[in-house]
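A closer look at the structure
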Amino acid sequence: METLLSLENLHVSFHTPQGDPEAVRGVSLELRAGETLGLVGESGCGKSLTALSLLGLLPPGATQTQDRLRFLDREWDRPTPEDWRSLRGREISIVFQEPFTSLNPVMRVGEQVAEVFRLHQGMARQAAWAASVEMLKKVGIPEAASRARQYPHQFSGGMRQRTLIAIALACKPRLLIADEPTTALDVTVQAQILKLLKRLKREMGLTLMLISHDLGLVAQMADRLAVMYAGEIVEMGDLQAVLGDPKHPYTRGLLACLPRLGAQGRLASLEGQVPEISYLPYGCAFHPRCAHAFKLCRRRDPELKEVEGRRVACHLYGSGE
Amino acid sequence: MLLRYALKRALFSVPLLLGITLISFLVLHLAPGSPVSARGSLNPHISPESIRELRALYGLDKPLSTQYWDWLKRCAGFNFGDSFQDRQSVLSHILQALPATLLLNGVALLLVFGLGLPLGIFSAIRSGSPLDRAFTLSSFLAFSIPAFVLALFLQLVFGAWLGWFPISGFSSPWSMGQGWLAQAGDVLWHLVLPVWTTAFGAWVTVAQYMRNSTLEVLSQDYIRTAFAKGLGARRITLRHALPNALLPIITLLGLSVPGLVGGSFIIETIFAWPGMGRLGYEAAMNYDYPLVMGVVVMGAVLTVFGNLLADICYAVVDPRVRY
Amino acid sequence: MNAPKPRALKWGAFFLLLFAGVALLAPWLSPQNPDRQSLAERLEPPSPLHWMGTDELGRDVASRMVWGARVSLGVGTAAVLATTLIGVLLGALAGAQGGWVDALIMRAVDIFLCVPTLFLVLALIVFLGPGIENVILVIALTGWTDIARLVRAEILSLREREFVLAARTAGASPWRLILKHLLPNALGPVYVSVTFGLAGAIMMEAGLSFLGLGVQPPTPSWGSLLTSGQDYLQTAYWLTLFPGLAICSSMLVIYLFGEGLREYFNPRAAQR
């Protein structure tokens with residue numbers, strides 16, 4: 001399969017008067033055209049920052065560095081603002097987890113979609129409006145023609161998320177990043193949005209990067225899975241392989257937390273909390289919470305290594321040299 | 001929809017207006033001292049009979065509630081009574097003073113918003129830059145200068161020392177009988193220092209307000225969405241950030257309406273500017289109840305009207321309020 | 001996270017103490033008797049003998065400035081203390097009692113907010129008559145609303161916190177609750193507001209005295225010194241310059257101190 005995007009050795013740090021702690025520490029990943037990659041981890045593990053870094057959208061105060069970012073046949077080590085703009089909305093789009101605040105409150109919904117057509121396809125005002133209504137129809141907004149004339153506050157949460165998806169997909173990007181797209185929504189609406197994403201992915205031949213703290217949700221959608229912990233990918237591989245036989249203790253912990261229908265007894269939970277980025281433990285960042293930690297874990301941060309058809313960063317699997 | 005909203009707001013402001021006039025009325029009439037007491041501008045050797053006569057003349061011998069009711073009834077017909085001092089109608093006094101104040105504060109307001117808004121926006125977009133920091137520092141200094149001290153300093157430097165601008169007054173004697181252009185130029189020349197004084201503090205306030213509002217908006221999620229669309233910084237600022245950042249400024253504009261017409265008595269007194277502020281001040285000093293009440297009512301109506309106007313503008317611009 | 005170094009606070013406090021020192025030590029610092037008139041020395045420009053010049057009655061301006069500091073800062077302080085006392089008392093009462101007491105106090109606040117403060121001050125002072133006591137009274141009467149609202153809001157938000165609930169369950173009386181538990185915790189923002197209130201009060205006193213409605217002659221205050229400054233603007237700049245600078249610099253120092261306090265109590269908001 002063709003590689004759509006590859007990112008090598010991403011670091012994200014925050015500038016503070018007390019130093020520049022890193023929130024993402026050397027993440028490398030690859031997206032193959034047409035696949036769905038699930039990125040999971042507890043909140044604060046750096047998965048959203050990784051996603052934002054793919055579009056150069058980090059908040060002020062955060063800086064990213066990477067060895068290389070490649071999209072199809074283009075390649076940068078330090079993309080300029082113009083490079084980012086050539087990707088955003090045209091090649092890579094993103095849907096955020098805050099549908100309630102991510103639309104401009106004083107602009108008509110249709111206009112917010114039309115803006116993308118006018119920007120990227122140079123459409124005239126009226127053509128862009130028509131295309132915008134069409135797009136809103138496509139994401140399942142009823143009576144799109146009249147709804148397009150309304151303002152965001154007249155839309156429900158689910159409708160706003162549909163609108164944001166319409167904005168993201170208006171110019172047929174190759175890659176859609178969905179960052180916790182359903183977290184803010186009601187359970188019934190969540191299911192509708194996931195169904196919509198699935199359908200659009202099929203219809204438009206999208207590559208999807210789905211980011212969530214909810215392993216169960218990702219398991220329904222993803223082909224491959226990447227698990228992040230404290231700014232690093234700790235396990236990455238095909239969904240079936242990883243879920244069927246998780247190698248990293250953290251992945252196992254996450255999996256044990258999943259509620260199962262008909263299961264008896266108490267729900268397992270991971271002990272402890274994600275460490276703060278300014279106070280990362282020495283060695284493997286997970287070792288204070290790990291039941292299997294041994295001496296080496298406190299000394300050295302394990303690297304991602306090939307283990308039984310997936311990549312794992314854990315000293316339990318061959319201490320290498 | 002909009003009309004109903006406006007009417008509703010207007011209706012709500014009636015009790016507020018009544019409240020303000022009632023309070024002013026009570027403060028005025030319950031406080032010690034009165035136009036007929038010895039502390040007024042009247043003869044201290046006045047006889048008790050003539051005091052009684054005077055009180056009857058002014059209606060001051062009736063119970064307060066009756067006085068207030070009478071006054072209110074007359075107000076409804078735009079009759080604010082006559083000034084105690086010269087028996088001219090209060091309305092004519094106000095109409096004489098209004099243009100000067102409108103001119104002074106209108107020009108000041110234009111300057112304040114015309115310069116304050118762009119500076120605030122610029123300062124926010126370039127947040128943390130030398131320009132931004134210089135602005136923050138200078139606004140700090142500017143807040144420390146009370147208007148009347150600024151007025152005196154300006155008079156001292158530009159009036160007394162440099163002689164560039166007249167120290168006070170509305171026009172020069174020589175301009176009488178000249179062409180209208182010369183007269184207008186003369187008034188403008190007199191306008192410089194009072195306008196500067198009036199605009200100075202407000203200018204910093206508006207710029208700071210705009211700066212904070214813009215910073216606030218720039219950190220919103222929908223700005224991130226706009227960036228994710230691939231829009232350029234200029235379009236995002238103009239099309240997405242500004243319309244949102246300007247919303248709270250409407251309230252600020254509404255709040256400036258009363259000042260626009262009410263004037264500031266300190267500034268107008270210092271510059272001998274024949275406007276509403278000075279009128280009210282002198283009326284208060286002379287216990288001229290009808291005139292004071294006229295000025296107060298004018299001020300109250302304008303305050304309420306300004307707020308109303310701001311609310312309606314808000315509804316026009318912000319779809320969230322309208323529906 | 002370390003708290004940011006409160007530089008503004010330190011420097012503000014330093015200069016504030018300097019001003020207070022001048023005011024307190026006026027009898028010793030004053031070069032001459034501030035009320036001694038000498039018609040032979042009318043309107044003399046600054047010189048080694050009168051280093052801020054003399055006024056229209058031949059009085060030494062430097063001496064009047066030093067004594068004026070005492071009056072200006074004293075009146076400002078007294079006024080802001082009275083303001084704070086009224087504000088904290090009513091705000092605490094409204095916040096802690098709730099019900100009709102709260103409703104009554106808050107309606108009063110609303111009404112005060114509707115009438116322009118400057119006008120109210122003017123009207124009150126005209127009808128009460130000028131003088132130091134009345135200036136203090138008028139500033140206190142018109143200025144308490146901000147602090148009252150602040151204290152009320154703080155107390156409302158504190159009232160539901162655990163430690164207050166605990167004290168209440170333990171059977172503490174309402175007043176004891178206010179004094180021992182609620183007020184001390186609500187005071188941070190109040191200090192900041194009081195500091196800015198002090199600047200406002202000094203400005204108000206100066207303005208009123210300048211108009212001849214405040215401190216009466218021959219008592220010197222920075223505001224009343226400016227009055228003669230305006231009369232002799234063309235000939236005696238020193239009568240305007242020095243008192244004006246004194247007022248501005250005291251404002252600046254107080255704002256600096258207030259900004260420092262705000263930073264100290266709320267480091268995150270101040271960083272923005």
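Please read all numbers here as calculations on a predicted model, not as lab measurements.

Once that is clear, we can look at the overall build of chain C. When helices and strands are tallied, chain C shows eleven helices and zero strands. When the helices and strands of chain C are placed in sequence order, the string is α-α-α-α-α-α-α-α-α-α-α. Principal-axis analysis of the C-alpha atoms places the extent of chain C at approximately 75 × 50 × 35 Å. Residues counted as buried form 45% of the 272 residues belonging to chain C. For chain C, contacts bridging at least 24 residues in sequence account for 70% of all contacts bridging at least 6.

Taken residue by residue, the interface counts 18 residues in chain B and 24 residues in chain A. Mapped onto the side of chain B that touches chain A, the elements with two or more residues apiece are helix H8 (221–229), helix H9 (233–262) and helix H13 (319–322) of chain B. Among the elements that line the side of chain B that touches chain A, the one with the most residues is H8 of chain B, at seven residues. When its residues are assigned to classes, the side of chain B that touches chain A shows seven nonpolar, six polar and five charged.

Residues and elements named next belong to chain A. Here strand S5 (residues 68–71) shows a buried face lined by Leu69 and Phe71 and an unburied face lined by Arg68 and Arg70. Where strand S1 (residues 3–14) lies against S5, four bridges are found, and the strand directions are antiparallel. Bridge pairing links leucine 7 to leucine 69 in S5. Pairing analysis gives three bridges linking S5 to strand S6 (residues 74–76), with the strands arranged antiparallel.

Moving on: helix H11 (residues 276–285) of chain B. Residue and element names in this part refer to chain B. In terms of burial, H11 is a largely internal element, eight of the ten residues being buried. Of the residues making up H11, those classed as buried are Met276, Gly277, Arg278, Leu279, Gly280, Tyr281, Ala283 and Ala284. The positive-phi residue at the C-terminal boundary of H11 is tyrosine 287, with phi of around 55°.

Here we take up the environment of valine 215 of chain C. Residues and elements named next belong to chain C. Note on placement: valine 215 falls in the loop between helix H8 (174–210) and helix H9 (222–231). Assessed through the 25 C-beta atoms surrounding it within 10 Å, valine 215 is described here as buried. Leave out the neighbours within four places in its chain, and valine 215 touches Val71, Ile132, Ser209, Ser221 and Ser224.

What follows deals with the interface of chain C and chain B. Between chain C and chain B, the contact holds 29 residues from the first and 31 residues from the second. Counting only elements with at least two residues in the side of chain C that touches chain B, the list comes to helix H4 (99–114), helix H5 (117–128), H8, H9 and helix H10 (238–265) of chain C. In terms of residues, the side of chain C that touches chain B owes the most to one element, H10 of chain C, which gives eight residues. Classifying every residue of the side of chain C that touches chain B by side-chain character gives 23 nonpolar, six polar and no charged.

This brings us to the packing of helix H3 (residues 61–97) of chain C against helix H6 (residues 132–159) of chain C. Residue and element names in this part refer to chain C. At their nearest, the axes of H3 and H6 sit 5 Å apart, and the two run at 35° to each other. Note on packing geometry: the crossing formed by H3 with H6 is right-handed. Residues of the contact of H3 with H6, tallied by class, amount to 22 nonpolar, six polar and three charged.

Turning our eyes to something else, we now look at the environment of leucine 69 of chain A. Residues and elements named next belong to chain A. On the secondary structure map, leucine 69 appears in strand S5. For leucine 69, a count of 22 C-beta atoms within 10 Å puts it in the buried group. Considered as a pair, leucine 69 and leucine 57 are twelve residues apart in the sequence and their alpha carbons are 14 Å apart. Dropping the residues within four chain positions of it, leucine 69 is found in contact with Leu7, Trp76 and Pro79.

Time to look at unusual backbone geometry. Residue proline 218 of chain C is reached from proline 217 of chain C by a cis peptide bond, and omega for that bond is 5°. For glutamate 180 of chain A, which is not glycine, the phi torsion reads 45° and is therefore positive. For glutamate 180 of chain A, the position within the fold is in the loop between strand S8 (175–179) and helix H7 (187–204). Exposure remark for glutamate 180 of chain A: the 20 C-beta atoms within 10 Å place this residue in the buried category. Unusually for a residue other than glycine, glutamate 308 of chain A sits at a positive phi of about 45°. Relative to the helices and strands, glutamate 308 of chain A resides in the loop between strand S12 (305–307) and strand S13 (310–312).

Consider a sheet: its strands pair through backbone hydrogen bonds, and that pairing is either parallel or antiparallel. Residues and elements named next belong to chain A. Across the sheet, eight strands lie side by side as S7-S8-S9-S3-S10-S11-S13-S12; this open sheet has mixed pairing. Pairing within the sheet leaves two strands with one partner each, and these edge strands are strand S7 (92–95) and S12. Between one strand and the next, the sheet's axes are offset by a mean angle of 20°, whatever the strand orientation. Of the strand pairs in this sheet, strand S11 (residues 232–238) and S13 are connected by two bridges, and their pairing is antiparallel. Along S13, the bridge assignment pairs glutamate 235 with valine 312.

Another aspect to go through is the pairing of S1 of chain A. All names here are of chain A. Judged from the eight bridges that link them, S1 and strand S2 (residues 22–32) form a sheet pairing that is antiparallel. Of the residues in S2, the one forming a bridge with threonine 3 is arginine 32. Pairing geometry for S1 and strand S4 (residues 62–65), over four bridges, is antiparallel. Bridging across to S4, phenylalanine 14 finds its partner in alanine 62.

Below, the discussion takes up the confidence of the model for chain C. Residue and element names in this part refer to chain C. Looking at chain C, the pLDDT average stands at 81 and 92% of residues meet or exceed 70. Mean pLDDT in chain C bottoms out at helix H11 (residues 267–271), which sits at 46, and peaks at H3, which reaches 89. Contacts for the low-pLDDT stretch residues 268–272, under 50 throughout, to residues beyond four places or in other chains number three contacts. For this predicted complex, the interface confidence comes out at an ipTM of 0.87, alongside a pTM of 0.79.

The rules behind these values
- Residues numbered from 1 in each chain as written.
- Chains lettered and ligands numbered in written order.
- Predicted model: local features only at pLDDT ≥ 70, side-chain atom pairs only at ≥ 80, totals over all residues.
- Helix = DSSP H or I, 4+ residues; strand = E, 2+ residues; numbered from the N terminus.
- Buried ≥ 20, exposed ≤ 12 C-beta atoms within 10 Å, placed from the backbone.
- Contact = placed C-beta atoms within 7 Å.
- Nonpolar A, V, L, I, M, F, W, Y, C, P; charged D, E, K, R; others polar.
- Pairing = 2+ DSSP bridges.
- Axes fitted to C-alpha atoms, helices over the stretch in contact; angles between N-to-C directions.
- Left-handed = near helix turned anticlockwise from the far one by under 90°.
- pLDDT = per-residue confidence, 0-100.

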